[in-house]
Amino acid sequence: MDKFKHLREWMVETQIIERGIKDKRVIEVMKKIPRHLFVPEDSIDSAYDDRALPIGYGQTISQPYIVALMTELLELKGDEKVLEIGTGSGYQAAILAELVKEVHTIERIKPLADEAKQRFEKLGIKNIKVYIKDGTEGIPEEAPFDRIIITAATPDIPEPLVAQLKEGGIIVAPVGERYSQYMLKAIKKDSKLERHYLIPVAFVPLIGKYGWKEE
Ligand code: SAM
C-alpha cells in the first residue's frame, strides 16, 4: 500500500469515523480523494494531519473532519447540483464532485482558482465548474441549486444565496463573527431558512458584498 493511501485510511479511521461521521458515501470518498495533492509541496507530509493547513494568499484548506462534517450535513444522494463558495485548494469541491451530478465553485483569488482547476484536470474530474468572482452574489444564471456550501466565515447567509437555493434545499455554512462562528445547517422552507446551529468553528472570512469587508 502506498504511503499516502495508508495515511488517508488512518485519517478516516481516527478523525472521521471515530468522531461520528456515519454517511458511508462520505467515508468512502474521504478514503479516495488524494488530499496530499491539494496542499502546497512543502506541507505534503502534513496533508493528513488533524488540522487546517495554509494554501497561500492567507487562505487555508479546511481540517479533514470539517470537510467530512459539512459534506454529511448536505445529505447528498447523487443527483444534486451544488454551489460551493470558497474553492480554495479545490479539495472540498473534489469530494463533492464524487458524490453529486455537478459542482459549481466560486473563488475570489484567481491564482487559487487556477491551481484548483489544474488539480481537477490532473485528476480527471470533469463535473466541476470554477468561477472567479465574489461568491456572495452566487451564480444567478445557474440557479436554482439543490445544495449550497459556504467554506468561509459569513456574518449571515447572503440573501442572493437564499434566493438561489431550491425550496427544500440545504445550505451549510460557518455563520457568526469574523474569527469565530457556529456551523449552520439550514433548510429552505416557504422561502425562509429553518436554522440549526451545531458546533463552534473558526474559518477564514468570506470577503464580499454580502460578507465581510477586506481589512
Ligand atoms: N473549500 C476550500 C478547500 O477545500 O480548500 C477551503 C476554503 S478556504 C477555508 C476559504 C476560501 O474562500 C478562500 O480560498 C477564500 O479566498 C475564499 N473566499 C473568501 N471570500 C470569498 C468570496 N466572496 N467569494 C469566493 N471565495 C471567497
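Residues numbered from 1 in each chain as written. Predicted model: local features only at pLDDT ≥ 70, side-chain atom pairs only at ≥ 80, totals over all residues. Heavy atoms only, no water.

As annotated in an unreviewed UniProt entry, the protein is Protein-L-isoaspartate O-methyltransferase from Thermodesulfovibrio obliviosus. The Catalytic activity (unreviewed entry) field of the UniProt record for the protein holds the comment "[protein]-L-isoaspartate + S-adenosyl-L-methionine = [protein]-L-isoaspartate alpha-methyl ester + S-adenosyl-L-homocysteine". UniProt, in its Function (unreviewed entry) section for the protein, records the words "Catalyzes the methyl esterification of L-isoaspartyl residues in peptides and proteins that result from spontaneous decomposition of normal L-aspartyl and L-asparaginyl residues. It plays a role in the repair and/or degradation of damaged proteins." (UniProt positions renumbered as here; feature names shortened; annotations may be inferred.)

J.: Any details on the site of the ligand? Residues and values, ideally.
T.: Neighbouring the ligand are 28 residues; Gly 86, Ser 89, Glu 107, Gly 135 and Ile 207 lie closest to it. In this structure, an oxygen atom belonging to the ligand sits 2.6 Å away from a side-chain N or O atom of Ser 89. Residue Thr 151 places a side-chain N or O atom 3.1 Å away from a nitrogen atom belonging to the ligand. Secondary structure elements with two or more residues in the shell around the ligand: β2 (59-61), β3 (81-85), α4 (91-99) and β4 (102-107). The greatest single-element share of the shell around the ligand, amounting to three residues, is contributed by β2. For the shell around the ligand, the class distribution of residues is 11 nonpolar, 12 polar and five charged. (Near = heavy atom within 4 Å. Polar contact = N/O pair within 3.5 Å; in protein donor to acceptor, adjacent residues only side chain to side chain. Helix = DSSP H or I, 4+ residues; strand = E, 2+ residues; numbered from the N terminus. Nonpolar A, V, L, I, M, F, W, Y, C, P; charged D, E, K, R; others polar.)

J.: I'd like a description of the nonpolar core, backed by residues and values.
T.: Counting 52 residues, the largest nonpolar core has Ile 21, Met 30, Tyr 91, Ile 95, Phe 120, Ile 128 and Met 183 as the members making the most contacts within it. Other than its neighbours up to four places away in sequence, Ile 128 contacts Ala 93, Ala 94, Ala 97, Val 103, Thr 105 and Phe 120. Formed by 20 residues, the second largest nonpolar core is a distinct cluster that contains Leu 83, Ile 148, Ile 171 and Leu 206. (Core = buried A, V, L, I, M, F, W, Y, C linked by side-chain atoms within 4.5 Å. Buried < 20%, exposed > 50% of the residue type's maximum accessible area, 1.4 Å probe, protein only. Contact = heavy atoms within 4.5 Å.)

J.: I'd love a proper account of the side chain of His 36, names of residues and values included.
T.: Here His 36 shows up in the loop between α2 (24-32) and β1 (53-56). Since its relative accessible area comes to 12%, His 36 is described here as buried.

J.: Can you tell me about the sheet that holds β4, naming the residues and giving the values?
T.: As summarised here, the arrangement of the seven strands in space is β5-β4-β3-β6-β7-β8-β9, forming an open sheet in which the pairing is mixed. Looking at strand neighbours, the two that pair on one side only are β5 (128-132) and β9 (192-201), the edges of this open sheet. On average, each strand axis in the sheet is inclined to that of its neighbour by 15°, with strand direction left out of account. Looking at chain direction, strand β8 (residues 181-189) and β9 are connected through eight bridges and run antiparallel. Of the residues in β9, the one forming a bridge with Lys 185 is His 196. Across the sheet, α4 lies against β3, β4, β5 and β6 (145-150), angled at about 170° from β4, the strand it touches most. Relative to the sheet, helix α5 (residues 110-122) contacts β4 and β5, its axis offset from that of β5 by approximately 165°. (Pairing = 2+ DSSP bridges. Axes fitted to C-alpha atoms, helices over the stretch in contact; angles between N-to-C directions.)

J.: Describe the environment of Thr 105, naming the residues involved and giving the relevant values.
T.: In this fold, Thr 105 is placed in strand β4. Take Thr 105: its relative accessible area is 0%, and that puts it in the buried class. Excluding residues that lie within four positions of it along the chain, Thr 105 makes contacts with Glu 84, Thr 87, Ala 93, Ile 128, Lys 129, Val 130 and Tyr 131. Side chain to side chain, Thr 105 and Glu 84 meet in a polar contact 2.7 Å long.

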